[in-house]
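# A look at the structure
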Amino acid sequence: MSFNNRGNPSNGNPSSSARKFTIKPFRSYTQMDSASAQNTFASLASAMDEIHNRNASTLSFEELYRNAYNLVLHKHGGLLYEG
């Protein structure tokens, strides 16, 4: 009886207890174009107006956060900063 690297007994068949792991490369994301960034910022600006007017019941804060995060991720964070 032999033991595998985890201390568990194996029956000599390495495929029965060992799993092969592969490392996948990161997906390359396409950059957000300027027009799409402007549309995303416009939707965020209108949402900020709705929040300021105390009419935020129909807004999805998760979606707003995701939109802001994607702007920063795709190097358009200046739109958020400059307004």
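Given the structure is predicted, the values throughout are model-derived calculations rather than measurements.

## Notes on the nonpolar core
The biggest cluster of nonpolar side chains holds seven residues, and these are M32, A37, F41, L44, A47, L64 and L71. Elements with a contribution of two residues or more to this core: α2 (34–52) and α3 (61–73). When residues of this core are assigned to their parent elements, the largest contribution, four residues, is made by α2. Residue contacts for L64: discarding those within four places in its chain leaves L44, A47 and L59.

## Focus on a nonpolar patch on the surface
On the surface, a cluster of nonpolar side chains totalling about 370 Å² of accessible area is made up of Y65, Y69 and L73. As for its placement among the helices and strands, Y65 is situated in helix α3. Its relative accessible area of 61% is what places Y65 among the exposed residues.

## Concerning the pattern of salt bridges
In the structure shown here, the tally under the stated rule is one salt bridge. A salt bridge links E62 to R66; its shortest N-O distance comes to 3.7 Å. Taken together, the positions of E62 and R66, both in helix α3 and four residues apart, correspond to about one turn of that helix.

## Concerning the environment of A37
Here A37 lies in helix α2. Separated by 33 residues in the primary sequence, A37 and N70 have C-alpha atoms spaced 9.0 Å apart. Here A37 is in contact with M32, L71, H76 and L79, once residues within four sequence places are set aside.

## Here we look at α3
Note on helix geometry: an α-helix contains 3.6 residues per turn, so any two residues three or four positions apart are oriented the same way. Relative to the 18 Å expected for 13 residues at 1.5 Å per residue, α3 spans 18 Å between its end C-alpha atoms, a close match to the ideal helical length. Looking only at α3, the buried set comprises L64, N67 and L71. The buried residues of α3 occupy an angular sector of 60 degrees when the element is viewed end-on, so they sit on one face. Residues of α3 that are exposed and point over 90 degrees away from its buried face: F61, E62, Y65 and V72. Considering only its buried residues, α3 is in contact with α2 and α4 (77–82). At the C-terminal side of α3, K75 shows a positive phi close to 65 degrees.

Criteria and cut-off values
- Residues numbered from 1 in each chain as written.
- Predicted model: local features only at pLDDT ≥ 70, side-chain atom pairs only at ≥ 80, totals over all residues.
- Heavy atoms only, no water.
- Core = buried A, V, L, I, M, F, W, Y, C linked by side-chain atoms within 4.5 Å.
- Buried < 20%, exposed > 50% of the residue type's maximum accessible area, 1.4 Å probe, protein only.
- Helix = DSSP H or I, 4+ residues; strand = E, 2+ residues; numbered from the N terminus.
- Contact = heavy atoms within 4.5 Å.
- Patch = residues over 30% accessible without salt bridge, like charges linked within 9 Å, V, L, I, M, F, W, Y side chains within 5 Å.
- Areas by Shrake-Rupley, 256 points an atom, 1.4 Å probe, with all protein chains shown as cover.
- Salt bridge = Lys/Arg side-chain N within 4 Å of Asp/Glu carboxyl O.
- Expected span 1.5 Å × (residues − 1).
- Arc of directions from axis to C-beta.

So, to be careful, I would describe these as geometric facts and stop short of saying anything about function.
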